[in-house]
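Chain residues, written in single-letter form:
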Amino acid sequence: MVLAAGTPAPTFKLARADGEQFSESDLQGKTTVLVFYPFAFSPVCTDQLQLYEQLLPELAERGVVLYGVSCDASPSQSAFKEKLGVSSEQLSDFEPKGAACSAFGVLHPGGFAQRALVITGPDGVVRWSYEAPSPGDLPSVELLREGLAVALV
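About the cut-offs
Residues numbered from 1 in each chain as written. Predicted model: local features only at pLDDT ≥ 70, side-chain atom pairs only at ≥ 80, totals over all residues. Heavy atoms only, no water. Helix = DSSP H or I, 4+ residues; strand = E, 2+ residues; numbered from the N terminus. Rg over C-alpha atoms; globule rule 2.2 N^0.38 Å. Buried < 20%, exposed > 50% of the residue type's maximum accessible area, 1.4 Å probe, protein only. Contact = heavy atoms within 4.5 Å. Areas by Shrake-Rupley, 256 points an atom, 1.4 Å probe, with all protein chains shown as cover. Lys, Arg positive; Asp, Glu negative; His and termini not counted. Charge placed at Lys NZ, Arg CZ, Asp CG, Glu CD. Arc of directions from axis to C-beta. Salt bridge = Lys/Arg side-chain N within 4 Å of Asp/Glu carboxyl O. Core = buried A, V, L, I, M, F, W, Y, C linked by side-chain atoms within 4.5 Å. Pairing = 2+ DSSP bridges. Right-handed = clockwise from strand over helix to strand, strands pointing away.

## Here we look at the overall build of the chain
If you tally the helices and strands in the chain, you get five helices and seven strands. A globule of 153 residues ought to have a C-alpha radius of gyration of about 15 Å, and the chain, at 14 Å, matches this closely. Per-residue burial for the chain yields a buried fraction of 48% across its 153 residues. Partitioning the intrachain contacts of the chain with sequence separation of at least 6 by distance along the chain shows that 66% fall at a separation of at least 24. Accessible area for the chain stands at about 6,800 Å²; split by element, carbon and sulfur atoms hold 55% of it. Across the chain, the 10 positively charged side chains and the 18 negatively charged ones have centroids separated by 1 Å.

Structural data, given as C-alpha cells:
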C-alpha cells in the first residue's frame, strides 16, 4: 500500500538518465510529484506521461517538480521520453530492481511499479498519495490537481 500522507519519504536511491543518483535528499526544498508507472512504452503509461506533460507549465508556476519513476532501465526510459517528446525527468528503479518502489509501498507483486502518485512537500514528507486500483487505470489530470490542492495548503 502506498505511503500515506504525513509519512516521511523513505530512504531510497533512483538513477537519473546521466547515471547520477536521485534520493530522498532531492525531495527537500520543493514540492515534488513522483509518478510511478509500470512500463515504458506501454499504452496507458504513454497516455499518462503525455497528459501530465500538458500540466508541467502549471506545476512550474507553483514551484512543483514532476518525475516519472519505473523499474525500467535508464536507457529504456530515455528512449521512451524521447519517443513521447516529454520533458519530465525519468528516474529508474532498475538496480536494485524495485527497491525504491518497495520503500514507497508501490511495488506490484509482478516486480514492476504499481501505478501511483506521491506528492511530497519541501520537508520531504508525503502530503498526498494515490494508488490506482490496477496498473491499467489511468489517474486523471483532475485527480492530480486535486492532490496538489491538498498538498499545497
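The structure having been displayed, the exposition proceeds.
## Points about helix α3 (residues 74-84)
For α3, the full list of buried residues reads Ser-74, Gln-77, Phe-80 and Leu-84. Buried residues in α3, looked at end-on, bunch into an arc of 120 degrees, giving them a common side. Seen from the buried face of α3, the exposed residues on the opposite side, beyond 90 degrees, are Pro-75, Glu-82 and Lys-83. Downstream of α3 by one or two residues, Gly-85 has phi in the positive range, about 70 degrees.

## A few points about the side chain of Asp-72
Here Asp-72 is to be found in the loop between β4 (64-70) and α3. An unpaired buried charge is present at Asp-72: no salt bridge exists, and Lys-97, the closest side chain of opposite charge, is 6.5 Å distant. Those residues in contact with Asp-72 that lie beyond four places of it in its chain are Tyr-37, Pro-38, Phe-39, Ala-40, Gln-77, Ser-92, Asp-93 and Phe-94.

## Some details on the nonpolar core
Core analysis: the biggest nonpolar cluster contains 21 residues, and Phe-36 and Phe-104 have the highest contact counts within it. Put simply, the parts of the chain that give this core at least two residues each are β3 (31-36), β4, α4 (99-104) and β6 (116-120). For this core, the leading source of residues is α4, giving three residues. Setting aside anything within four residues of it in sequence, one finds Phe-104 in contact with Met-1, Val-2, Leu-3, Pro-10, Phe-12, Leu-34, Phe-36 and Val-118. Val-33, Leu-55, Leu-56 and Trp-128 belong to the second-largest nonpolar core, a separate cluster that totals 16 residues.

## A closer look at the pairing of strand β5 (residues 89-92)
Where β4 lies against β5, four bridges are found, and the strand directions are parallel. Residue Val-69 lies in a different strand from β5, and its bridge partner there is Leu-91. Since β4 and β5 lie parallel, the crossover through α3 that links them has a hand, and here it is right-handed.

## Quick look at the side chain of Ser-74
Position of Ser-74 relative to the elements: it lies in helix α3. The exposure class of Ser-74 is buried, given its relative accessible area of 14%. Ser-74 has contacts with Ala-15, Arg-16, Ala-17 and Ser-92, leaving out every residue within four places of it along the chain.

## Let's talk about the pattern of salt bridges
Overall, the coordinates contain five salt bridges when judged by the stated rule. For Glu-89, the salt bridge is made with Arg-16, and the minimal N-O distance between the two is 2.8 Å. Here Glu-89, found in strand β5, pairs with Arg-16, found in the loop between β1 (13-15) and β2 (21-23); they are 73 residues apart in sequence, far enough to count as distant. The partly exposed category is assigned to Glu-89, whose relative accessible area is 24%. Judged by relative accessible area, Arg-16 falls into the buried class, the value being 16%. Among the ionic pairs, Arg-127 bridges to Asp-123, the shortest N-O distance being 3.4 Å. Three or more residues joined by partner-sharing salt bridges are found here, namely Arg-16, Asp-26 and Glu-89.

Remember that the coordinates give geometry; whether it matters functionally is a separate question.
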